[in-house]
Amino acid sequence: KSLSLPIQNNLLIPDFLSKIIQVLLSIFMLTILLTDNIYNIVLILLVFISFIYIVLLRTNTEIYASEKLLISAYFLMFIVPFSSAIFLNSSINEVDNYSRFLLMIPIYLMLRDIKFNLHTLFHVINVTSILIGLFALYSHYINGEERVAGFTSTPITYGNISILFAILSFMTIKTYLQPNKLKWIG
């Protein structure tokens with residue numbers, strides 16, 4: 001619900017920055033399972049831009065109750081494993097994974113203020129789903145991998161992200177069934 005809330009008309013984010021962010025987000029989604037480092041570089045750029053946006057450009061400081069809940073969940077997904085690792089004297093090697101939840105807070109605050117073309121986002125989701133499937137087939141049949149892990153740490157991670165994109169792709173079908181829409185990609 002939080003991304004469907006109406007955004008303010010008086011945003012100070014420049015159009016060129018909005019376009020850059022949309023392109024970076026598209027590249028991130030398209031490369032998350034298909035490359036080794038591109039999605040990490042794009043994520044670093046998005047975090048950097050989000051910090052600059054929050055400090056210098058953000059004027060809409062109103063946060064709705066549902067957004068506070070989402071931001072709190074991001075914070076808890078970072079702090080609970082991190083504090084558990086500290087208090088239980090266990091290794092904190094995986095802190096970088098949990099810190100990604102913390103870094104999503106400024107990215108979310110930036111993304112909520114950008115006007116997205118939903119059809120473009122749906123196309124990116126669908127193309128990403130297709131590419132993930134083709135890459136899995138290639139890895140299995142050409143490279144001989146029994147359990148496809150791609151560029152993730154485990155096959156389970158690859159499978160979970162693949163299923164997420166498949167579900168998101170499935171959820172966009174209704175958009176393509178409407179008259180006058182591009183049905184060939186959906």
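Residues numbered from 1 in each chain as written. Predicted model: local features only at pLDDT ≥ 70, side-chain atom pairs only at ≥ 80, totals over all residues. Heavy atoms only, no water.

The next thing to look at is the packing of helix H1 (residues 15-31) against helix H5 (residues 118-141). Between H1 and H5, whose axes approach to 8 Å, the crossing angle comes to 20 degrees. Between H1 and H5, the angle is such that the two are roughly parallel. Classified by chirality, the crossing of H5 by H1 is right-handed. Packed against H1, whose contacting residues are Ser26, Met29 and Leu30, the element H5 presents Leu121, Val124, Ile125, Val127, Thr128 and Leu131 at the interface. Of the residues that constitute the contact of H1 with H5, the class distribution is seven nonpolar, two polar and no charged. (Axes fitted to C-alpha atoms, helices over the stretch in contact; angles between N-to-C directions. Helix = DSSP H or I, 4+ residues; strand = E, 2+ residues; numbered from the N terminus. Parallel < 35°, antiparallel > 145°, perpendicular 65-115°, else oblique. Left-handed = near helix turned anticlockwise from the far one by under 90°. Contact = heavy atoms within 4.5 Å. Nonpolar A, V, L, I, M, F, W, Y, C, P; charged D, E, K, R; others polar.)

The next subject is the packing of aromatic side chains. Throughout the structure, instances matching the rule amount to two aromatic pairs. With a centroid separation of 6.3 Å and 45 degrees between ring planes, the pair formed by phenylalanine 135 and tyrosine 158 is classed as tilted. Of this pair, phenylalanine 135 sits in helix H5 while tyrosine 158 is found in helix H6 (residues 155-171), placing the two residues 23 residues apart along the sequence. Side by side, phenylalanine 135 and tyrosine 158 carry an identical accessibility label, which is buried. (Phe/Tyr/Trp six-rings, centres within 6.5 Å; stacked < 30°, edge-to-face > 60°. Buried < 20%, exposed > 50% of the residue type's maximum accessible area, 1.4 Å probe, protein only.)

Residues with a pLDDT of 70 or more make up 84% of the chain, whose mean pLDDT is 82. Considering only residues more than four positions removed or in separate chains, one finds that residues 1-6, a stretch of pLDDT under 50, has 10 contacts. (pLDDT = per-residue confidence, 0-100.)

Okay, H5 next. Across its 24 residues, H5 extends 35 Å between first and last C-alpha, which sits within 8% of the 34 Å expected from 1.5 Å per residue. For H5, the set of buried residues is Phe122, Val124, Ile125, Asn126, Thr128, Ser129, Ile132, Phe135 and Ser139. Where H5 is buried, its residues meet H1, H6 and helix H7 (173-176). N-capping of H5 is provided by asparagine 117, with a side-chain oxygen placed 3.1 Å from the backbone N of histidine 119. (Expected span 1.5 Å × (residues − 1). Polar contact = N/O pair within 3.5 Å; in protein donor to acceptor, adjacent residues only side chain to side chain.)

Judged by side-chain polarity, Ile130, Leu131, Leu134, Leu137, Tyr138, Tyr141 and Ile142 come together as a nonpolar surface patch covering roughly 740 Å² of accessible area. By the secondary structure assignment, leucine 134 is in helix H5. (Patch = residues over 30% accessible without salt bridge, like charges linked within 9 Å, V, L, I, M, F, W, Y side chains within 5 Å. Areas by Shrake-Rupley, 256 points an atom, 1.4 Å probe, with all protein chains shown as cover. Salt bridge = Lys/Arg side-chain N within 4 Å of Asp/Glu carboxyl O.)

The next subject is helix H3 (residues 65-87). When the terminal C-alpha atoms of H3 are compared, their 31 Å separation across 23 residues agrees well with the 33 Å that a helix rising 1.5 Å per residue should span. Of the positions making up H3, those classed as buried are Glu67, Ile71, Tyr74, Phe78 and Ala85.

Among the structural elements, arginine 112 can be located in the loop between helix H4 (95-111) and H5. Assessed through its relative accessible area of 8%, arginine 112 is described here as buried. Within the structure, the side chain of arginine 112 is placed 3.0 Å from the backbone oxygen of glutamate 62, a separation counted as a polar contact. One polar contact links arginine 112 to glutamate 67, side chain to side chain, over a distance of 2.6 Å.

For the structure on display, the rule yields two salt bridges. Across the pair glutamate 67 and arginine 112 runs a salt bridge whose closest N-O atoms are separated by 2.6 Å. Of this pair, glutamate 67 sits in helix H3 while arginine 112 sits in the loop between H4 and H5, and the two are 45 residues apart along the sequence. Here glutamate 67 matches arginine 112 in class, with each residue buried. Between aspartate 113 and arginine 112 there is a salt bridge, and its shortest N-O distance comes to 3.6 Å. For aspartate 113, a relative accessible area of 2% puts it in the buried group. Through salt bridges with shared partners, a single ionic network connects Glu67, Arg112 and Asp113.

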